[in-house]
Amino acid sequence: RAITILVALVIWEALAHSGFFYQDVIPSSWKVVYALYQELISASFYHDLGITLSEHIVGFIVGSSLAIAAGIALGSSPYFRKASAPYLNALGSTPKIIFLPVLFLIFGTGIESKMAKGALSAFFPVIFATILGMLLISEVHLRVGRSFNIARRHMVTKIYVPSMISPLMVGLKLGMAIAVTGVLVAELKFANAGIGYRLSNYYDEFQIAPLYALIIVCFSLAAFAHVGMSAVQRRFTRHESLDAETTEKLQSQR
C-alpha cells in the first residue's frame, strides 16, 4: 500500500510538471497538502463539514429505515412484491438527480431538501438488498416462527433481520455511499453552505489545490465510513462464521 501511494505521488508530480495540462489544473502535491492544512485549520470548513454530515446522516437514517420497513413488507408478500417490482426497478435505475427540482419545490432550498435527496438516494439500494435478504431466509426458520405463533414484531427482530444481515449490510454500505453522493450533488446545485457548496465556490474561483484538498477529505471520510460499516458487519455476522466452523468440525469428525 505504501508503494502504491508513493507511485501515485510520483505520477502526480510528473503530470504536474509535464506541461500537458493548463497551469494549475494538476497542481503540485505540496500545494494540495498545504491547501489541505489550510482547510483543517479553518473554522468555516468545520461549519460546512458539520452541515454536510448532518444532511447525510439524517437522510441516510430516514431513507434506509423506510427502505428496510418496505423491503420486509414486500419480501414477506409475494403478491405485492410482484406488483411493485416493475415500478421499483424503473425508479431504482432512474438517475435521482431528475427529482432534485421537485425536492426543492417541496422542501425548499435549505438543508431539508438535501436530507430528502440523501434519503431518496439511500432508499433504493437498501430496499433491494432487504427484499433479496427476505427471499434468502430459510423456509425452516419461517416455519419455526409460524409454528410458535410468534408476533409480527418478533418475527422481524428474531428471524427476519438476523437471517438477512449479510445482504442487508451490503445494501446499507452501498446506500451510505450513494446518499453522500446525492447530498453533495444537491449542494453543488443550490446551497449556501456545506462541502458541496465549498467545492462549487472553489471551482468558480479556479482554486484548484483547495478543490483537490476537499476531494481528499471526502475520500478519507468515505474510507472511514466503509471501515466502520465493515466492522459492524463482521460483528453481526460473527455467528455465521462460527456456524461454518462448527459444520467443518462435525464433517471432519465424520
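This is a predicted model, so every value here is computed, not measured.

A.B. asks: Go over helix α10 (residues 195-204) with me, naming the residues and quoting the values.
C.D. replies: For α10, the set of buried residues is Ile195, Gly196, Arg198, Leu199, Ser200 and Tyr202. If you follow the buried residues of α10, they end up packed against α2 (29-40), α3 (43-75), α9 (165-189) and α11 (208-236). Count one or two residues on from α10 and you reach Phe206, which has phi positive near 55°.

A.B. asks: So what's going on with the packing of α3 against α10? Which residues, and what values?
C.D. replies: Contact geometry of α3 with α10 gives a least axis separation of 7 Å together with a crossing angle of 130°. Between α3 and α10, the angle falls in the class oblique. Each of Ser44, Phe45, Asp48, Leu49 and Thr52 in α3 lies in contact with α10, whose residues at this interface are Ile195, Gly196 and Arg198. For the contact of α3 with α10, a count of residues per class yields three nonpolar, three polar and two charged.

A.B. asks: Which residues make up the packing of aromatic side chains, and what values go with them?
C.D. replies: Applying the stated criterion to the full structure yields six aromatic pairs. Consider the rings of Phe45 and Tyr46, whose centres lie 5.1 Å apart with planes at 75°: the pair is edge-to-face. Judged by relative accessible area, Phe45 falls into the buried class, the value being 1%. Here the guanidinium or amino end of Lys96 rests over the ring plane of Phe124, the centre of that ring lying 4.9 Å away.

A.B. asks: Tell me about unusual backbone geometry, residues and numbers included.
C.D. replies: Phi is mostly negative for residues that are not glycine, and the peptide bonds are mostly trans. Despite not being glycine, Asn149 shows a phi value in the positive range, around 55°. Positionally, Asn149 belongs in the loop between α7 (139-147) and α8 (152-163).

A.B. asks: Provide a residue-level description of the pattern of salt bridges, including the pertinent values.
C.D. replies: The final tally for this structure, using the stated rule, is four salt bridges. Arg198 serves as the salt-bridge partner of Glu39, at 2.9 Å between the closest nitrogen and oxygen. Of this pair, Glu39 sits in helix α2 while Arg198 sits in helix α10, and the two are 159 residues apart along the sequence. Each member of the pair, Glu39 as well as Arg198, carries the same accessibility label: buried. As a salt-bridge pair, Asp48 and Arg198 come within 2.8 Å of each other at their nearest N and O atoms. Of this pair, Asp48 sits in helix α3 while Arg198 sits in helix α10; the two residues are 150 residues apart in sequence, bridging distant segments of the chain.

About the cut-offs
Residues numbered from 1 in each chain as written. Predicted model: local features only at pLDDT ≥ 70, side-chain atom pairs only at ≥ 80, totals over all residues. Heavy atoms only, no water. Buried < 20%, exposed > 50% of the residue type's maximum accessible area, 1.4 Å probe, protein only. Helix = DSSP H or I, 4+ residues; strand = E, 2+ residues; numbered from the N terminus. Contact = heavy atoms within 4.5 Å. Axes fitted to C-alpha atoms, helices over the stretch in contact; angles between N-to-C directions. Parallel < 35°, antiparallel > 145°, perpendicular 65-115°, else oblique. Nonpolar A, V, L, I, M, F, W, Y, C, P; charged D, E, K, R; others polar. Phe/Tyr/Trp six-rings, centres within 6.5 Å; stacked < 30°, edge-to-face > 60°. Lys NZ or Arg CZ within 6 Å of the ring centre and 35° of its normal. Salt bridge = Lys/Arg side-chain N within 4 Å of Asp/Glu carboxyl O.

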